[in-house]
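Observations on the model geometry
The chain contents come next:
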Amino acid sequence: MSPPPPPPPTTWRQLSFSLLLGFFCIALVSAAQGNSATDALNILLIIVDDLRPSLGCYGDKLVRSPNIDQLASHSIVFENAFAQQAVCAPSRVSFLTGRRPDTTRLYDFNSYWRVHSGNFSTIPQYFKENGYVTMSVGKVFHPGISSNHSDDYPYSWSFPPYHPSSEKYENTKTCKGQDGKLHTNLLCPVDVADVPEGTLPDKQSTEEAIRLLEKMKTSVSPFFLAVGYHKPHIPFRYPKEFQKLYPLENMTLAPDPHVPDSLPPVAYNPWMDIREREDVQALNISVPYGPIPVDFQRKIRQSYFASVSYLDTQVGHLLSALDDLRLAHNTIIAFMSDHGWALGEHGEWAKYSNFDVTTRVPLMFYVPGKTALLPAAGEKLFPYQDPFDPASELMGAGRRTEDLVELVSLFPTLAGLAGMPVPPWCPIPSFHVELCREGHNLQRYLQLHDLEEDPYLFGNPRELIAYSQYPRPADFPQWNSDKPSLKDIKVMGYSIRTIDYRYTVWVGFSPTEFLANFSDIHAGELYFVDSDPLQDHNVYNDSQHGGLLLSLRP
């Protein structure tokens, strides 16, 4: 089946509030006609950009994240969840369609999957077609060509997605330097009153999401609300008071801040987007391996953690509003990140690799009455927690599992939790199939009784595998190693993570045929988790790897 033509260009950023409200009302009527059930559970999907599991609920004793920790205390928390590609657009298209990058054929930022590979359904589209009002706030799909310059509207959303007006200032000269002038810096703590419009994108997204929740409170239709937060994505532009939570003298370096001797050059990411920032350029760091000065490393880590705590306050305000509106009793909450972020581990920064530090992400699900008791009348599950209050309660995860899972499982899991039919497994190939999934349904971890039979999830934990991949334009680091365009991809690194090891093989790749040549091996990596949890000692060349060359195609 050929994909439908792309929707016409939309000028939704210029729509007046009254017109947007009109879209909203039409969507409510349409959804009410499609689903009259009043007991359907709502969905609140919170997607964070570049967040590694540096959270209190994941055992980080430094980071102040009391609101996310509070959510975790009422949720099932996945300790070992992994993204399929550690870069924004490919990861988001992958988990929002339930398909792996080799199926979406999106490894960069430069194509729209419905035209490029197949007319694949998305999570919000599936909910919309099943009677939900679907709404997008902030960065959910990656903006640009990869979502057809419309965040996949009108297919995925009931009305045009909302983007904060202050987004356009994120990469402009709004960071005050030591010279008193404004720069495009990596480190960008700000006085919010002084920035354009007197606000920040994530604050605006929270406010808009709360407005939508208020409108949906009286709706007879269930809702699917996706809220995408920008921080801690670079630049680290956040309210400067959050620096006080992380004094520089308390900032440690990564435990393994040097490039491992055994790391194949093709596996290294030269963090070119970091180098483009004015404050980093001033350091005159050699390319590609030159280390960042130690004092600046501490400042980067300080700003990353400060951005996480700022993000936590926004999540706290959103969840507190959900409580105030008495929606916590009938709303499933999924919290996740699109991928991780290196903070100096292996001498690397940013994402763009297959290591755990860039592919491992936080993932948790709150299901009313399943992961936590339903709140009693007048009781709040999610009262706002002030990260600056030393008395704010420190909470661990409510329920947790160390089993390996993948973000590609988000689609079937949300569908199943909402009581909708779980999309069938995808055939191979599946480019002609609009609705199917390549990830496992994770309902088993919530001990529900109506889940599909999936023997995979009842097997030995040692059989669980998470797949990731990353493209490279060459065997050695160069200017476009981190974000090669499709036409420039020459090598693909396929990686499998098991409970015991991470194994990666870098093989030749044809960008015109979308085929990997597993007989053309450029390099390999093998790390044993128990003895080498940081993945610093590559024993691939010592392992008689011929016997380990598995079929890495999931």
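Here, every reference points to the structure presented above.
These figures come from a predicted structure and were not determined experimentally. (Residues numbered from 1 in each chain as written. Predicted model: local features only at pLDDT ≥ 70, side-chain atom pairs only at ≥ 80, totals over all residues. Heavy atoms only, no water.)

Here the focus is the sheet that holds strand β16 (residues 501-510). If you walk across this open sheet you meet the four strands as β14-β15-β16-β17, and the pairing is antiparallel. Edge positions in the sheet fall to β14 (466-472) and β17 (515-528), since each has one partner strand and no second. Sheet twist, expressed as the mean angle between neighbouring strand axes with direction ignored, is 20°. In the sheet, strand β15 (residues 491-497) pairs with β16 via seven bridges, with the strands oriented antiparallel. Within β16, the position partnered with M492 by the bridge is V507. (Pairing = 2+ DSSP bridges. Helix = DSSP H or I, 4+ residues; strand = E, 2+ residues; numbered from the N terminus. Axes fitted to C-alpha atoms, helices over the stretch in contact; angles between N-to-C directions.)

Turning next to the state of the cysteines. If you walk through the whole model with that rule in mind, you get two disulfides. Two residues share a disulfide in this structure: C175 and C188, whose sulfurs sit 2.2 Å from each other. What sets the handedness of the C175 and C188 disulfide is the S-S torsion sign, and at about -100° it is left-handed. Of this pair, C175 sits in strand β4 (residues 175-176) while C188 sits in strand β6 (residues 187-190), and the two are 13 residues apart along the sequence. The pair formed by C175 and C188 is uniform in burial state, with each residue classed as buried. With its sulfur 2.0 Å from that of its partner, C426 forms a disulfide with C436. (Disulfide = S-S within 2.5 Å. Buried < 20%, exposed > 50% of the residue type's maximum accessible area, 1.4 Å probe, protein only.)

Quick look at the side chain of T122 now. For T122, the location among the structural elements is in the loop between α5 (113-116) and α6 (123-129). We classify T122 as buried; its relative accessible area is 0%. From its side chain, T122 meets the backbone nitrogen of Q125 in a polar contact 3.1 Å long. A polar contact is formed between the side chain of T122 and the side chain of S156, at a distance of 2.6 Å. If we ignore the near neighbours within four places in the chain, the residues touching T122 are L96, T97, W113, R114, F141, D152, S156 and F411. (Polar contact = N/O pair within 3.5 Å; in protein donor to acceptor, adjacent residues only side chain to side chain. Contact = heavy atoms within 4.5 Å.)

Its location among the elements puts D50 in the loop between β1 (42-48) and α2 (66-73). When its relative accessible area of 0% is taken as the criterion, D50 is described as buried. Engagement of the side chain of D50 in a polar contact is seen with the side chain of H339, the distance being 3.4 Å.

On to the environment of V63. On the secondary structure map, V63 appears in the loop between β1 and α2. Owing to a relative accessible area of 5%, V63 belongs among the buried residues under this scheme. Each residue touching V63, except ones within four places of it in the same chain, is listed here: S54, L55, G56, Y246, F305 and V308.

These results come straight from atomic positions and should not be treated as a statement about function.
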